Amino acid sequence: MPRARTGPSVPALLVVGIAMVVVLAVLPRLIVPYQTVLITYGLVFAIAALGFNLLLGYTGLLSFGHSAYFGAGAYAVAFLMRDLNVQSMELLIIGGVLGTLVIAALFGFVCVRYTRIFFGILTLALSQVLWSLAFKFFWVTGGTDGLRVDSAKLSLIGGFIDFKGAGAYQRFVYSYYYYVLALFIVATVSMWIIVHSPFGKALQAIRDNEVRAQFVGVRVRRYRWLAFMISGAFTGLAGILWVPLNGLTTPDILYWPFSGELVFMTVLGGFRTFTGPIVGAMAFNYLKTYAVASTEYWQLLLGVVLLFLVVVLPTGIVGTLARIATKLGIR
Amino acid sequence: MSPNIVIIQLLNALFYAAVLFLIAAGLSLIYGVMRIVNLAHGTLYALGAYVSAWAVGGAFGAALANNLGLAGLFLVLPAGAFAIAALGAVLEPTLLRPFYRRPEEYHLLATFGLLMIFEDVIKYLFGGTPLSAGTIMDRMGSIPIGRLLFPTYNLLVIVIGLLAALALWWFIYRTRFGVMLRATSQDRRMAAALGINVGRVYVQAFAIGCFMAGLGGAVVVPAQAAVLGMGVEALVLAFVVVVIGGLGSLEGAFIGALIVSLVRTAGIQFFAEIELAVLYLIAAAVLLVRPTGLFGKA
């Protein structure tokens, strides 16, 4: 296991972070709406990967079932809109996160009894329970047709912004971009605080040496469970934000290959760094979108990229850049 | 429910168990020896099914069928199994061996990459339309059970599954190679120190595991057409089998396949909506009570 990096200082991080936010904030004025939608997707997946990495990078648990929480968030929104006619995005987020938390708490309670390969298989098996339910109970979930979530029915910021009348979709694209961007910032800052808090440090201690962590008084299983729930909630939030953008939720996002994609994103960016999952999610989103657009055999392309990554660049984009920077003496 | 339906459903379950055993035993063998969970295993099964269907339906298969009849078709049916075994023998030393000393996360990632690649290789080679070797099943006819009919071919698959289990058991517990295999699986370094060519054992074990997956595909394809996505689905079911039976255990794969098939068949009959969910929940429950599975050794 590589030596833990101390990372850049907080002021430097703030400067870079604010610069990034400013760029992201003015970007929609410079690019076509399609690109704005793409970045919105990227930001959504970045939230999911951030949550996922709390388990993989900081707690040392590889979940192969995070599609469950992404999907739980997505389906919760679809149910709330259809059955309770909820239109306020904030209420949908609260309801969706609560729903995801319940499932993450339940699954996590079972899964954190194990580590390593058994943890991976158990998370996978449990996520497939949700998938098979969504797949089979078609009169509730729409089966493979999925459930439609109409962005025109939504309202943001307590009903302040809604999407009715002419040009609604255009307005939705822009408003929703900033909405997601704001939540992405909140999520990133919260995650940064979590991993730098005593709780986050305890998780890293568990990751590096479970027995020693136990000896210094860390309640390993409880901490893992908490990490699991937080991780699930973040990924669930991503699922919630994803649905209105996609307009439809299908069992595909509960199926286990989607969990694999979340792992892919995180490893692409580098799971040993805080920013890795964010960069990885954005990069993966572009990679997949263009691979799908340019060839029928996009899976092959992604598979080759993944293999290359694992063999040649196991530390991911950010890890590799950091290493190059260290070598060149920039820091 | 009439007793005949019960018999038919039991036979269906056994047919299903035979196929599932072939897949899961390969997965389990590979894990037992190399400690690698091969996420691409299901896709290799699918590839085996496609290759066999292609071989049986192709010009060569047709020529053999004209000259030798059904026997000719059976001669080409195992093509998928041998093709996948050969593929495995190439894959292990080139792509998988560099990962053994790395953490398990990388095994899963690398084999997930292989899964994506092979899914598209199937699409590229055979296209999106289902491919079947149904002529074999049609030619073998069916046997009457009361007033119902059961395909003779499916009975044959049950027998093949049993024979494969016996052969594998004999191979692992009664041959010199089996001893080497078990020694390597228990302590790789000690085995190497005692003069066993560990690298060769790995290639052979992986090839056998792949052969089993390919054979599973080969025997299933006369009864069910090969379709895209069948591998991804099969892998999760094989997971359920090995989790119930114990990763790395041959007996476990056998019992696990029987349990999963019986539950599934009963599920389709009585509780179709939660049939799959019940399976995954059983797997989770077993993992909770006995993390190493019913037959696993820590």
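Residues numbered from 1 in each chain as written. Chains lettered and ligands numbered in written order. Predicted model: local features only at pLDDT ≥ 70, side-chain atom pairs only at ≥ 80, totals over all residues.

Per the secondary structure count, chain B includes 14 helices and 2 strands. At 19 Å, chain B has a C-alpha radius of gyration in line with the 19 Å of a compact globule built from 298 residues. Along the three orthogonal principal directions, the C-alpha set of chain B runs to about 60 × 45 × 35 Å. Taking all 298 residues of chain B together, the buried fraction comes to 51%. Long-range pairs, those at least 24 residues apart, make up 77% of the contacts in chain B with a sequence separation of at least 6. (Helix = DSSP H or I, 4+ residues; strand = E, 2+ residues; numbered from the N terminus. Rg over C-alpha atoms; globule rule 2.2 N^0.38 Å. Buried ≥ 20, exposed ≤ 12 C-beta atoms within 10 Å, placed from the backbone. Contact = placed C-beta atoms within 7 Å.)

This part takes up the interface of chain B and chain A. By a frequent convention, interface size equals the accessible area lost on bringing the separate parts together. Taken together, the 33 residues of chain B in the interface contact 36 residues of chain A. Elements that contribute at least two residues to the side of chain B that touches chain A include exactly α6 (104-126), α12 (230-245) and α14 (275-289) of chain B. Of all the elements, α6(B) adds the most residues to the side of chain B that touches chain A, at 16 residues. Considered class by class, the residues forming the side of chain B that touches chain A number 26 nonpolar, 1 polar and 6 charged. (Nonpolar A, V, L, I, M, F, W, Y, C, P; charged D, E, K, R; others polar.)

Moving on, we come to helix α9 (residues 176-186) of chain B. Residue and element names in this part refer to chain B. For α9, every residue scored as buried is listed here: M180, L181 and T184. Seen from one end, α9 has its buried residues packed into an arc of 100°, which puts them on one side. Residues of α9 that are buried make contact with α1 (3-34), α8 (152-174), α10 (188-193) and α11 (198-220). (Arc of directions from axis to C-beta.)

Take the packing of helix α11 (residues 256-269) of chain A against helix α14 (residues 316-328) of chain A next. All names here are of chain A. Two numbers describe how α11 lies on α14: the axes approach to 3 Å, and their chain directions differ by 5°. With respect to α14, the element α11 is oriented roughly parallel. Together, V267, L268 and G269 of α11 and G316, I317 and V318 of α14 make up the contact between the two elements. In terms of residue class, the contact of α11 with α14 is built from 4 nonpolar, 2 polar and no charged. (Axes fitted to C-alpha atoms, helices over the stretch in contact; angles between N-to-C directions. Parallel < 35°, antiparallel > 145°, perpendicular 65-115°, else oblique.)

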